[in-house]
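Residues per chain are reported as follows:
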Amino acid sequence: MDNFQLLIDLHKSANRQGPGGEPETIKALDLALVDRSAPLKVADIGCGTGASTLLLAQLLNKVHITAVDFLPEFLEVLEDKAKSLGVFERITTLACSMDDLPFTNEEFNVLWSEGAIYNMGFEKGVRDWNRFLKPGGVLVVSEITWITDTRPEEIQDYWSAEYPEIDVASAKFRILEKHGYSPIGYFVLPEYCWLENYYRLLQNRYEAFLNQHGHSEQARAIVDAEKQEIEMYEKCKAYYSYGVYIARKLNKQNLK
Ligand code: SAH
(Lines give C-alpha, C1' and ligand atoms only; values in the text may rest on other atoms or scores of the structure.)
Protein backbone atom coordinates (compact mmCIF):
# COMPACT_ATOMS: atom_id res chain seq x y z
CA MET A 1 0.00 0.00 0.00
CA ASP A 2 1.06 3.51 -0.78
CA ASN A 3 2.78 5.21 2.19
CA PHE A 4 0.84 8.42 1.60
CA GLN A 5 -2.45 6.51 1.90
CA LEU A 6 -1.30 5.18 5.26
CA LEU A 7 -0.36 8.67 6.46
CA ILE A 8 -3.74 9.97 5.27
CA ASP A 9 -5.51 7.21 7.21
CA LEU A 10 -3.55 8.00 10.37
CA HIS A 11 -3.98 11.79 10.23
CA LYS A 12 -7.20 12.55 8.35
CA SER A 13 -9.58 12.35 11.30
CA ALA A 14 -7.42 14.67 13.45
CA ASN A 15 -8.15 18.33 14.03
CA ARG A 16 -4.60 19.21 13.18
CA GLN A 17 -1.74 17.40 11.48
CA GLY A 18 1.02 19.12 13.44
CA PRO A 19 1.64 20.98 16.71
CA GLY A 20 -0.31 24.21 17.18
CA GLY A 21 -3.28 25.75 18.93
CA GLU A 22 -6.12 28.20 18.42
CA PRO A 23 -4.80 30.82 20.89
CA GLU A 24 -1.46 30.61 19.10
CA THR A 25 -3.03 31.16 15.67
CA ILE A 26 -4.86 34.17 17.13
CA LYS A 27 -1.66 35.47 18.72
CA ALA A 28 0.13 35.23 15.37
CA LEU A 29 -2.74 37.06 13.67
CA ASP A 30 -2.54 39.81 16.28
CA LEU A 31 1.22 40.13 15.81
CA ALA A 32 0.72 40.34 12.05
CA LEU A 33 -1.28 43.56 12.67
CA VAL A 34 -3.79 42.81 9.92
CA ASP A 35 -7.00 44.76 9.80
CA ARG A 36 -9.59 42.08 10.53
CA SER A 37 -12.39 43.86 8.70
CA ALA A 38 -10.42 44.67 5.52
CA PRO A 39 -10.88 42.61 2.36
CA LEU A 40 -7.91 40.28 2.50
CA LYS A 41 -6.52 37.57 0.27
CA VAL A 42 -4.81 34.86 2.27
CA ALA A 43 -3.12 31.60 1.26
CA ASP A 44 -2.77 28.86 3.88
CA ILE A 45 -0.01 26.63 2.55
CA GLY A 46 0.14 23.02 3.77
CA CYS A 47 -3.25 23.52 5.43
CA GLY A 48 -4.01 19.85 6.19
CA THR A 49 -7.63 19.46 7.31
CA GLY A 50 -7.76 23.17 8.00
CA ALA A 51 -7.06 23.90 11.68
CA SER A 52 -5.74 27.38 10.90
CA THR A 53 -7.73 27.96 7.68
CA LEU A 54 -11.07 27.50 9.42
CA LEU A 55 -10.17 29.71 12.35
CA LEU A 56 -8.86 32.49 10.11
CA ALA A 57 -12.00 32.26 7.97
CA GLN A 58 -14.09 32.81 11.11
CA LEU A 59 -11.97 35.68 12.42
CA LEU A 60 -11.54 37.72 9.26
CA ASN A 61 -14.77 39.29 8.03
CA LYS A 62 -13.98 39.84 4.38
CA VAL A 63 -11.30 37.28 3.77
CA HIS A 64 -10.77 34.92 0.90
CA ILE A 65 -8.48 32.05 1.77
CA THR A 66 -6.84 29.73 -0.73
CA ALA A 67 -6.20 26.56 1.27
CA VAL A 68 -3.37 24.56 -0.29
CA ASP A 69 -2.34 20.99 0.41
CA PHE A 70 -1.01 18.29 -1.88
CA LEU A 71 -3.35 15.69 -0.33
CA PRO A 72 -6.89 16.11 -1.73
CA GLU A 73 -8.24 13.82 1.01
CA PHE A 74 -7.35 16.45 3.62
CA LEU A 75 -8.95 19.20 1.53
CA GLU A 76 -12.22 17.25 1.32
CA VAL A 77 -12.36 17.14 5.11
CA LEU A 78 -11.58 20.85 5.24
CA GLU A 79 -14.43 21.61 2.84
CA ASP A 80 -16.94 19.62 4.90
CA LYS A 81 -15.87 21.43 8.05
CA ALA A 82 -16.06 24.80 6.29
CA LYS A 83 -19.63 24.02 5.25
CA SER A 84 -20.72 23.13 8.76
CA LEU A 85 -19.07 26.28 10.15
CA GLY A 86 -20.71 28.48 7.53
CA VAL A 87 -17.43 29.75 6.05
CA PHE A 88 -17.33 27.70 2.86
CA GLU A 89 -17.77 30.81 0.65
CA ARG A 90 -14.62 32.31 2.14
CA ILE A 91 -12.40 29.37 1.17
CA THR A 92 -11.13 27.85 -2.05
CA THR A 93 -9.13 24.65 -1.80
CA LEU A 94 -6.23 23.89 -4.09
CA ALA A 95 -4.57 20.49 -4.38
CA CYS A 96 -1.06 21.43 -5.32
CA SER A 97 2.52 21.09 -4.16
CA MET A 98 3.87 24.01 -2.16
CA ASP A 99 6.95 24.16 -4.36
CA ASP A 100 4.91 24.61 -7.54
CA LEU A 101 2.23 27.15 -6.64
CA PRO A 102 0.22 28.61 -9.54
CA PHE A 103 -0.21 32.04 -7.92
CA THR A 104 0.50 35.36 -9.58
CA ASN A 105 2.92 37.99 -8.35
CA GLU A 106 1.70 40.16 -5.47
CA GLU A 107 -1.61 38.28 -5.25
CA PHE A 108 -1.86 37.94 -1.44
CA ASN A 109 -2.01 40.17 1.63
CA VAL A 110 -1.07 37.29 3.91
CA LEU A 111 0.75 33.99 3.45
CA TRP A 112 0.10 31.57 6.31
CA SER A 113 1.79 28.21 6.89
CA GLU A 114 1.72 26.20 10.11
CA GLY A 115 3.90 23.13 10.55
CA ALA A 116 4.41 22.59 6.85
CA ILE A 117 7.21 24.65 5.28
CA TYR A 118 9.83 22.08 6.29
CA ASN A 119 8.47 19.92 3.48
CA MET A 120 10.21 22.16 0.95
CA GLY A 121 12.70 23.69 3.39
CA PHE A 122 12.37 27.04 5.17
CA GLU A 123 14.79 29.01 3.03
CA LYS A 124 13.46 27.78 -0.29
CA GLY A 125 9.91 28.37 0.92
CA VAL A 126 10.33 31.94 2.14
CA ARG A 127 12.40 32.79 -0.93
CA ASP A 128 10.04 31.28 -3.53
CA TRP A 129 6.82 32.49 -1.89
CA ASN A 130 7.97 36.10 -1.49
CA ARG A 131 6.79 37.14 -4.94
CA PHE A 132 3.21 36.08 -4.19
CA LEU A 133 2.92 38.67 -1.40
CA LYS A 134 1.94 42.26 -1.96
CA PRO A 135 4.60 44.71 -0.77
CA GLY A 136 3.79 45.34 2.90
CA GLY A 137 2.02 41.96 3.07
CA VAL A 138 2.76 39.55 5.89
CA LEU A 139 4.21 36.06 6.08
CA VAL A 140 3.24 33.94 9.10
CA VAL A 141 5.12 30.69 9.22
CA SER A 142 5.94 28.14 11.89
CA GLU A 143 9.23 26.32 11.70
CA ILE A 144 10.98 23.79 13.90
CA THR A 145 13.58 25.78 15.85
CA TRP A 146 16.32 25.23 18.44
CA ILE A 147 15.35 27.28 21.47
CA THR A 148 18.73 27.09 23.23
CA ASP A 149 22.24 27.83 22.03
CA THR A 150 23.55 24.32 22.75
CA ARG A 151 21.95 20.89 23.11
CA PRO A 152 22.74 17.22 23.74
CA GLU A 153 24.29 15.30 20.88
CA GLU A 154 21.42 12.83 20.79
CA ILE A 155 18.81 15.41 19.85
CA GLN A 156 21.19 17.28 17.56
CA ASP A 157 21.82 14.07 15.63
CA TYR A 158 18.15 13.10 15.50
CA TRP A 159 16.96 16.41 14.03
CA SER A 160 19.99 16.89 11.79
CA ALA A 161 18.98 13.63 10.11
CA GLU A 162 15.22 14.41 10.04
CA TYR A 163 15.49 18.06 9.02
CA PRO A 164 19.00 19.45 8.48
CA GLU A 165 17.68 23.03 8.25
CA ILE A 166 16.69 23.08 11.93
CA ASP A 167 18.41 26.10 13.51
CA VAL A 168 18.12 28.84 16.14
CA ALA A 169 15.65 31.70 15.66
CA SER A 170 18.39 34.25 14.95
CA ALA A 171 19.46 32.19 11.91
CA LYS A 172 15.85 32.04 10.69
CA PHE A 173 15.49 35.83 11.09
CA ARG A 174 18.64 36.23 9.02
CA ILE A 175 17.12 34.11 6.25
CA LEU A 176 13.93 36.18 6.32
CA GLU A 177 15.97 39.39 6.08
CA LYS A 178 18.07 37.97 3.26
CA HIS A 179 14.95 37.24 1.21
CA GLY A 180 13.16 40.57 1.45
CA TYR A 181 11.26 40.44 4.73
CA SER A 182 11.48 42.36 7.98
CA PRO A 183 10.63 40.21 11.03
CA ILE A 184 7.92 41.88 13.14
CA GLY A 185 7.07 39.14 15.61
CA TYR A 186 8.19 35.81 17.02
CA PHE A 187 7.08 33.37 19.69
CA VAL A 188 7.59 29.73 20.56
CA LEU A 189 4.75 27.20 20.65
CA PRO A 190 4.19 26.07 24.24
CA GLU A 191 4.37 22.43 25.24
CA TYR A 192 0.60 21.78 25.23
CA CYS A 193 0.50 22.58 21.50
CA TRP A 194 2.64 19.48 20.99
CA LEU A 195 1.41 17.14 23.69
CA GLU A 196 -2.28 17.82 24.30
CA ASN A 197 -3.17 19.22 20.89
CA TYR A 198 -1.22 16.81 18.74
CA TYR A 199 0.82 13.89 20.11
CA ARG A 200 -1.67 12.53 22.69
CA LEU A 201 -4.48 12.46 20.13
CA LEU A 202 -2.18 10.80 17.60
CA GLN A 203 -1.23 8.12 20.15
CA ASN A 204 -4.92 7.41 20.72
CA ARG A 205 -5.33 6.56 17.04
CA TYR A 206 -2.48 3.99 16.79
CA GLU A 207 -4.60 0.98 17.71
CA ALA A 208 -7.45 1.64 15.27
CA PHE A 209 -4.96 2.48 12.53
CA LEU A 210 -2.96 -0.72 13.04
CA ASN A 211 -6.15 -2.79 13.10
CA GLN A 212 -7.41 -1.11 9.93
CA HIS A 213 -4.22 -2.16 8.19
CA GLY A 214 -3.94 -5.65 9.69
CA HIS A 215 -0.78 -4.64 11.60
CA SER A 216 1.13 -4.65 8.31
CA GLU A 217 4.87 -4.05 8.41
CA GLN A 218 4.41 -0.71 6.66
CA ALA A 219 1.75 0.48 9.10
CA ARG A 220 3.88 -0.59 12.05
CA ALA A 221 6.87 1.28 10.61
CA ILE A 222 4.79 4.47 10.48
CA VAL A 223 3.65 4.08 14.08
CA ASP A 224 7.22 3.29 15.19
CA ALA A 225 8.51 6.48 13.56
CA GLU A 226 5.80 8.53 15.30
CA LYS A 227 6.66 6.84 18.60
CA GLN A 228 10.33 7.71 18.19
CA GLU A 229 9.51 11.33 17.39
CA ILE A 230 7.28 11.60 20.47
CA GLU A 231 9.86 9.95 22.70
CA MET A 232 12.47 12.45 21.50
CA TYR A 233 10.12 15.33 22.15
CA GLU A 234 9.32 14.18 25.67
CA LYS A 235 12.99 13.75 26.47
CA CYS A 236 14.41 16.85 24.78
CA LYS A 237 11.57 19.38 24.63
CA ALA A 238 13.69 21.91 26.52
CA TYR A 239 15.81 22.32 23.40
CA TYR A 240 13.38 22.74 20.51
CA SER A 241 9.89 23.74 19.51
CA TYR A 242 8.08 25.34 16.64
CA GLY A 243 8.99 28.98 16.36
CA VAL A 244 6.24 31.15 14.87
CA TYR A 245 7.73 33.83 12.61
CA ILE A 246 5.80 36.90 11.53
CA ALA A 247 7.53 38.98 8.87
CA ARG A 248 6.52 41.83 6.62
CA LYS A 249 7.51 41.87 2.96
CA LEU A 250 9.61 44.94 2.35
CA ASN A 251 8.35 47.54 -0.03
CA LYS A 252 11.43 48.07 -2.17
CA GLN A 253 10.19 51.42 -3.45
CA ASN A 254 10.46 52.78 0.10
CA LEU A 255 14.10 51.77 0.37
CA LYS A 256 15.76 54.35 -1.84
N1 SAH B 1 -1.16 23.26 8.74
C2 SAH B 1 -1.78 22.02 9.17
C3 SAH B 1 -1.06 20.77 8.66
C4 SAH B 1 0.37 20.62 9.07
S5 SAH B 1 1.07 19.04 8.61
C6 SAH B 1 -1.86 21.99 10.67
O7 SAH B 1 -1.17 22.79 11.31
O8 SAH B 1 -2.59 21.15 11.20
C9 SAH B 1 1.85 19.42 7.06
C10 SAH B 1 0.88 19.44 5.88
O11 SAH B 1 1.64 19.75 4.72
C12 SAH B 1 0.17 18.13 5.62
O13 SAH B 1 -1.21 18.37 5.49
C14 SAH B 1 0.76 17.64 4.30
O15 SAH B 1 -0.17 16.95 3.49
C16 SAH B 1 1.17 18.93 3.66
N17 SAH B 1 2.28 18.80 2.69
C18 SAH B 1 3.41 18.06 2.82
N19 SAH B 1 4.20 18.22 1.75
C20 SAH B 1 3.55 19.10 0.93
C21 SAH B 1 3.85 19.67 -0.34
N22 SAH B 1 4.99 19.38 -0.97
N23 SAH B 1 2.97 20.52 -0.87
C24 SAH B 1 1.80 20.83 -0.25
N25 SAH B 1 1.46 20.31 0.94
C26 SAH B 1 2.32 19.46 1.52
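Provided above is the structure to which this section pertains.
Residues numbered from 1 in each chain as written. Predicted model: local features only at pLDDT ≥ 70, side-chain atom pairs only at ≥ 80, totals over all residues. Heavy atoms only, no water.

*Asks:* Which parts of the structure should I look at to understand the environment of Trp 159?
*Replies:* Position of Trp 159 relative to the elements: it lies in helix H6 (residues 153-162). On a C-alpha basis, the gap between Trp 159 and Lys 249 in space is 29 Å, while along the polypeptide they are 90 residues apart. (Helix = DSSP H or I, 4+ residues; strand = E, 2+ residues; numbered from the N terminus.)

*Asks:* Would you mind showing me how to read helix H8 (residues 191-212) here?
*Replies:* Each α-helix winds once per 3.6 residues, and so residues spaced three or four apart point in a common direction. Here H8 contains 22 residues, and its C-alpha end-to-end distance of 30 Å stays within 8% of the 32 Å for a straight helix at 1.5 Å per residue. At Tyr 206, H8 shows its largest bend, some 35°. Cys 193, Trp 194, Leu 195, Tyr 198, Tyr 199, Leu 202, Arg 205, Tyr 206, Phe 209 and Leu 210 are the residues of H8 that are buried. Buried positions along H8 lie against helix H1 (3-11), helix H2 (22-31), strand S5 (133-146), helix H9 (217-236) and strand S8 (240-249). With its phi angle positive at about 55°, Gly 214 sits one or two positions after the end of H8. (Expected span 1.5 Å × (residues − 1). Bend = angle between axes of the 7 residues up to and from the residue. Buried < 20%, exposed > 50% of the residue type's maximum accessible area, 1.4 Å probe, protein only. Contact = heavy atoms within 4.5 Å.)

*Asks:* So what exactly am I meant to see when it comes to the nonpolar core here?
*Replies:* For soluble globular proteins, the rule of thumb is that nonpolar side chains tend to be buried together. Judged by nonpolar contacts, the single largest core of 81 residues is most densely connected at Ile 91, Leu 111, Trp 129, Leu 139, Trp 159 and Tyr 240. Among the elements that line this core, the one with the most residues is H8, at nine residues. Contact partners of Trp 159, with chain neighbours within four places excluded, come to Ile 144, Trp 146, Pro 164, Ile 166 and Tyr 240. (Core = buried A, V, L, I, M, F, W, Y, C linked by side-chain atoms within 4.5 Å.)

*Asks:* Teacher, can you tell me more about the site of the ligand here?
*Replies:* Taken together, 17 residues surround the ligand, and among them Gln 17, Gly 46, Asp 69, Met 98 and Glu 114 come closest. The backbone of Glu 114 places a nitrogen or oxygen atom 2.8 Å from a nitrogen atom of the ligand. When the free accessible area of the ligand is taken as 570 Å², the share hidden by the protein chains comes to 92%. (Near = heavy atom within 4 Å. Polar contact = N/O pair within 3.5 Å; in protein donor to acceptor, adjacent residues only side chain to side chain. Areas by Shrake-Rupley, 256 points an atom, 1.4 Å probe, with all protein chains shown as cover.)

*Asks:* Honestly, unusual backbone geometry in this entry has me stumped. Any pointers?
*Replies:* Negative phi is the rule for most residues except glycine; trans is the rule for most peptide bonds. Non-glycine residue Leu 33 carries a positive phi angle of around 55°. Relative to the helices and strands, Leu 33 resides in the loop between H2 and strand S1 (39-45). Even without a glycine there, the phi angle at His 215 is positive, about 50°. In this fold, His 215 is placed in the loop between H8 and H9. Here His 215 falls in the partly exposed class, since its relative accessible area comes to 35%.

*Asks:* Mind showing me how you'd approach the side chain of Asp 69 here?
*Replies:* Assignment of secondary structure puts Asp 69 in strand S2 (residues 62-69). Buried charge without a salt bridge: Asp 69, with Arg 16 as the nearest opposite-charge side chain at an N-O distance of 12 Å. Among the polar contacts made by the side chain of Asp 69, one reaches the main-chain amide nitrogen of Leu 71 at a distance of 3.1 Å. When residues no more than four places from it in sequence are discounted, the contact partners of Asp 69 are Gly 46, Cys 47, Gly 48, Phe 74, Leu 75, Leu 94, Ala 95 and Cys 96. (Lys, Arg positive; Asp, Glu negative; His and termini not counted. Salt bridge = Lys/Arg side-chain N within 4 Å of Asp/Glu carboxyl O.)

*Asks:* Just to check I follow, could you spell out the packing of aromatic side chains for this structure?
*Replies:* By convention here, two paired aromatic rings are described through the distance between centres and the angle between planes. Under the criterion given, the structure shown has 18 aromatic pairs. Between Trp 194 and Tyr 233 the ring centres are 4.4 Å apart and the planes differ by 10°, which places this aromatic pair in the stacked class. Taken together, the positions of Trp 194 in helix H8 and Tyr 233 in helix H9 put the pair 39 residues apart, joining distant regions of the chain. A relative accessible area of 1% places Trp 194 in the buried class. With a relative accessible area of 2%, Tyr 233 lands in the buried category. Aromatic side chains Tyr 233 and Tyr 240 sit 5.8 Å apart centroid to centroid with 85° between the ring planes, which places their arrangement in the edge-to-face category. The same class applies to Tyr 233 and to Tyr 240, which are both buried. A network of ring pairs unites the aromatic residues Trp 146, Tyr 158, Trp 159, Trp 194, Tyr 198, Tyr 199, Tyr 233, Tyr 240 and Tyr 242 as a single cluster. Geometry around Phe 88 places Lys 83 over its ring, the cationic atom sitting 4.8 Å from the centre. (Phe/Tyr/Trp six-rings, centres within 6.5 Å; stacked < 30°, edge-to-face > 60°. Lys NZ or Arg CZ within 6 Å of the ring centre and 35° of its normal.)

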